[in-house]
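Fold and contact review
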Amino acid sequence: YMPGILREFKKRNLPVELAYLPLLESRFMTRADSGHARGMWQFTPQTAEHMGLQVGAFVDERLNWMKSTQAAASYLEMLGQQFKWDWALALAAYNGGPNYMKKAIRAQGTRDFFRLSLRKETAEYVPRFVAMLQVARERYGVDSVASR
């Protein structure tokens, strides 16, 4: 999937590291199902529909890796813009929702991800992503794949 994902992310000038988000979300399993979120990018029904994907009894485009990748790239671009290209905040918003993050920033008076008091899953999401990238770089040479 990586060549297609990288193509989509490069079109939008997104950091190539973000192309590895499905490793954390679903281990690149296109049919992953957490009960509420589905697909490689683990979109909730609301987010998927907001990003133009069809979600219904007969069609669920969250399970289409290419359509969901295009939606994920658009969503990450939107989050990047909303959070002034601070990717720690944007990734936290990907996990916890942009409204949740905006409320936390406003209530706590800081845009420093590491100073925000967030619910456990969202607080651990960015460090888990960074750690996953580091392991992938050291063990699997992720940088050589991303630079193609």
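Scroll up to find the structure.
Summarised in this report is the structure supplied together with it. (Residues numbered from 1 in each chain as written. Predicted model: local features only at pLDDT ≥ 70, side-chain atom pairs only at ≥ 80, totals over all residues. Heavy atoms only, no water.)

1. Thoughts on the pattern of salt bridges
One pass over the structure, following the stated rule, counts nine salt bridges. For Arg137, the salt bridge is made with Glu17, and the minimal N-O distance between the two is 3.3 Å. Of this pair, Arg137 sits in helix H7 (residues 120-140) while Glu17 sits in the loop between helix H1 (2-11) and helix H2 (21-26); the two residues are 120 residues apart in sequence, bridging distant segments of the chain. Classification of Arg137 by relative accessible area gives partly exposed; the value is 29%. The salt bridge partner of Glu61 is Lys67, with a shortest N-O separation of 2.9 Å. Its relative accessible area of 11% is what places Glu61 among the buried residues. On the basis of relative accessibility, which here comes to 36%, the residue Lys67 falls in the partly exposed class. (Salt bridge = Lys/Arg side-chain N within 4 Å of Asp/Glu carboxyl O. Helix = DSSP H or I, 4+ residues; strand = E, 2+ residues; numbered from the N terminus. Buried < 20%, exposed > 50% of the residue type's maximum accessible area, 1.4 Å probe, protein only.)

2. What about the nonpolar core?
Counting 43 residues, the largest nonpolar core has Phe9, Trp41, Phe43 and Tyr94 as its most contacted members. Looking at this core, the elements that each hand over two or more residues are H1, H2, helix H4 (65-82), helix H5 (87-96), helix H6 (98-108) and H7. Sort the elements by how many residues they give to this core and H5 lands first, with eight residues. Look past the residues within four positions of Tyr94 in its chain and what remains in contact with it is Leu21, Glu25, Trp41, Phe43, Tyr75, Leu76, Leu79 and Tyr125. (Core = buried A, V, L, I, M, F, W, Y, C linked by side-chain atoms within 4.5 Å. Contact = heavy atoms within 4.5 Å.)

3. What about the packing of aromatic side chains?
Overall, the coordinates contain seven aromatic pairs when judged by the stated rule. An angle of 15 degrees between the planes, with centres 5.7 Å apart, marks the rings of Phe9 and Trp41 as stacked. Placement of Phe9 in helix H1 and of Trp41 in the loop between H2 and helix H3 (45-50) is noted, with a sequence separation of 32 residues between them. Geometrically, the ring pair formed by Tyr75 and Tyr94 is tilted, given 5.7 Å between the ring centres and 50 degrees between the ring planes. Residue Tyr75 is located in helix H4, and its partner Tyr94 is located in helix H5; the two are separated by 19 residues in the primary sequence. Just as Tyr75 is buried, Tyr94 falls in that class too. Cation over ring: Arg119 sits above Tyr100, and NZ or CZ is 3.8 Å from the ring centre. (Phe/Tyr/Trp six-rings, centres within 6.5 Å; stacked < 30°, edge-to-face > 60°. Lys NZ or Arg CZ within 6 Å of the ring centre and 35° of its normal.)

4. Focus: the environment of Arg128
Among the secondary structure elements, Arg128 is positioned in helix H7. With 32 residues separating them in the primary sequence, Arg128 and Gly96 have C-alpha atoms 14 Å apart.

5. With respect to H5
Taken across its 10 residues, H5 has nine buried, putting it largely inside the fold. Buried residues along H5 sit in contact with H2, H4, H6 and H7. Capping the start of H5 is the job of one residue whose side-chain oxygen sits 3.1 Å from the backbone nitrogen of Ala88: Asp86. Positioned one or two residues after H5, Gly97 has a phi angle of 100 degrees, which is positive. (Polar contact = N/O pair within 3.5 Å; in protein donor to acceptor, adjacent residues only side chain to side chain.)

Any functional reading would require information beyond the geometric quantities listed.
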